[in-house]
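# Inside the fold
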Amino acid sequence: MKLQNKDLIQSYILTTARYNFTAYEKRILYRIIEVLQAQVKGLKLNYKYSIQETILKDRDFILPVSCFLKDENDKNYDEVRKALRALNRKTIEYEDEKIWELFNLIERPKFNKYQSYVTIRLAPEIFQAFLDFSKGFRKYELEVTFKFDSVYSMRIYELISGKKEPIIYGIDELKKMFGIEGKYKNRPSDFIKYVIKPAQNELTKNAPYSFSPYNA
């Protein structure tokens, strides 16, 4: 499948959220954002994509499994299924002065093996979280995100995309954002070696801009 490049707009809430995803999980979320953005802008969807609203205001996304793969050489359908399972297990908490709620990030993932389509359901509250731009947004290129092998490359690309002024993130801040606080506790140099340096290399190779580890 040839990937059509386009700019995606992602809520800053999702960009800075604390989570530990795989690259395949991120590609699934990128496609959800792509479909939502097209719908909000009133654009015509790719004929292979569809989104349907249920009577309970859930949204069902029906997408070809191929759109979650890195490129036409990627045939790792088991990884897509594993990513769907993992996303279904991840939750988002909401609490105010009156209520506390817990939502699955995605619901009822279904993989039609014969037609090679995936169905994903979003609860109304999660649907709104994807569209919440009240705290700002990040703009990035879809084609660039699919070139990365590392999920940390994806996360850092989202964080720095479109930034014109200098931006600095500390190691502890990034580890919390990436959901890996328990790793590399006593060896910050390993975090630089196994997380930051590979991400820097991927951005330098594939993205329109990159970054430098502080004092590296």
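Residues numbered from 1 in each chain as written. Predicted model: local features only at pLDDT ≥ 70, side-chain atom pairs only at ≥ 80, totals over all residues. Heavy atoms only, no water.

## So, the overall build of the protein chain
Inclusion rule: Runs of E in the DSSP output that reach at least two residues are strands. Runs of H or I that reach at least four are helices, and both are numbered from the N terminus. Note on definitions: a residue-residue contact is assigned when non-hydrogen atoms from the two residues lie within 4.5 Å. Computed with the Shrake-Rupley method and a 1.4 Å probe, the accessible areas treat only the protein chains shown as cover for residues.
When helices and strands are tallied, the protein chain shows 8 helices and 8 strands. Look at the contacts in the protein chain between residues 6 or more apart in sequence, and 62% of them connect residues 24 or more apart. Of the accessible surface of the protein chain, which amounts to about 12600 Å², a share of 49% is contributed by carbon and sulfur atoms.

## A short note on the confidence of the model for the protein chain
Worth spelling out the cut-off: The pLDDT value expresses, per residue, how confident the predictor is, ranging between 0 and 100.
Per-residue confidence for the protein chain averages 76 on the pLDDT scale, and 78% of its residues sit at or above 70. The low-confidence segment residues 1-13 (pLDDT under 50) makes 56 contacts with residues lying over four places distant or belonging to another chain. Between residues 133-137, whose pLDDT stays under 50, and residues either more than four places distant or in other chains, the model counts 11 contacts.

## Points about helix α8 (residues 188-206)
Filter applied, for reference: Here the expected span of a helix is defined as 1.5 Å times the quantity of residues minus one. The angle between axes fitted to the seven-residue stretch ending at a residue and the seven-residue stretch beginning at it gives the bend at that residue. Exposure is judged per residue with a 1.4 Å probe applied to protein chains only, and the accessible area is read against the type maximum: over 50% gives exposed, under 20% gives buried, and values in between give partly exposed.
Taking 1.5 Å of rise per residue, the 19 residues of α8 would be expected to cover 27 Å, and the 26 Å separating its terminal C-alpha atoms lies within 8% of that figure. The principal kink in α8, of about 35 degrees, is found at I196, preceding the proline P198 by one to four residues. Those residues of α8 that fall on the buried side of the exposure criterion are D190, F191, V195, I196, A199, Q200, E202, L203 and N206. Looking at the buried positions of α8, the neighbouring elements they touch are α5 (142-145), α6 (151-160) and α7 (171-178).

## Section: the nonpolar core
Note the cut-off: Among the buried residues, those of types Ala, Val, Leu, Ile, Met, Phe, Trp, Tyr and Cys that are joined through side-chain atoms within 4.5 Å form a nonpolar core.
In terms of nonpolar packing, the biggest core is built from 54 residues, with I32, F61, I120 and F130 touching the most fellow members. Take this core: its biggest share by element is 9 residues, from helix α2 (residues 23-40). Once you skip the residues sitting within four places of it in the chain, F61 turns out to touch I32, V35, L36, S50, I51, V118, T119, I120 and L122.

## A closer look at the pairing of strand β3 (residues 59-64)
Put simply, the test is: The pairing criterion is simple: DSSP has to find at least two bridges between the two strands.
A large share of β3 lies buried, amounting to 5 of its 6 residues. Two elements, strand β2 (residues 50-53) and β3, share 4 bridges in a ladder whose sense is antiparallel. Of the residues in β3, the one forming a bridge with Q52 is D60. Between β2 and β3, which pair antiparallel in sequence order, lie 5 residues; one of them, K57, sits at a positive phi of approximately 75 degrees. The sheet contact formed by β3 and strand β7 (residues 117-122) spans 6 bridges and is antiparallel. Residue pairing for β7: P64 is matched across the bridge by Y117.

## A short note on the environment of T119
With respect to the secondary-structure elements, T119 resides in strand β7. Those residues in contact with T119 that lie beyond four places of it in its chain are D60, F61, I62, R108, P109 and K110.

## Here we look at unusual backbone geometry
If a residue is not glycine, its phi is most likely negative; likewise, a peptide bond is most likely trans. Of note, K57 is a non-glycine position whose phi angle comes to about 75 degrees, a positive value. Considering the arrangement of structural elements, one finds K57 in the loop between β2 and β3. Located in the positive-phi region is R108, a residue other than glycine, with phi close to 50 degrees. Among the secondary structure elements, R108 is positioned in strand β6 (residues 107-112).

## A few points about α6
Applied cut-off: Any pair of nitrogen or oxygen atoms within 3.5 Å is treated as a polar contact; in protein, a donor-acceptor pairing is required on top of that, and neighbouring residues in sequence qualify only through side-chain atoms on both sides.
Burial analysis of α6 places 10 of its 10 residues in the buried class, which makes it a mostly covered element. Its side-chain oxygen placed 3.1 Å from the backbone nitrogen of Y152, S150 serves as the N-cap of α6.

## So, the packing of aromatic side chains
Here is the rule: Note on ring pairs: Phe, Tyr and Trp rings are taken, using the six-membered ring of Trp, and paired if centres are within 6.5 Å. Classes follow the plane angle, with under 30 degrees stacked, over 60 edge-to-face and the rest tilted. In this analysis the charged atom, NZ for Lys or CZ for Arg, is taken to sit over a ring once it is within 6 Å of the ring centre and within 35 degrees of the ring normal.
All told, the structure shown has 2 aromatic pairs when counted by the stated rule. Ring geometry for F148 versus Y157: centroids 5.7 Å apart, planes at 65 degrees, classification edge-to-face. By the burial criterion, F148 is buried, and Y157 matches it. Above the face of the Y24 ring, R27 is positioned so that its terminal group lies 5.0 Å from the ring centre. Over the aromatic face of F127 sits the side chain of R59, whose NZ or CZ is 3.9 Å from the ring centroid.

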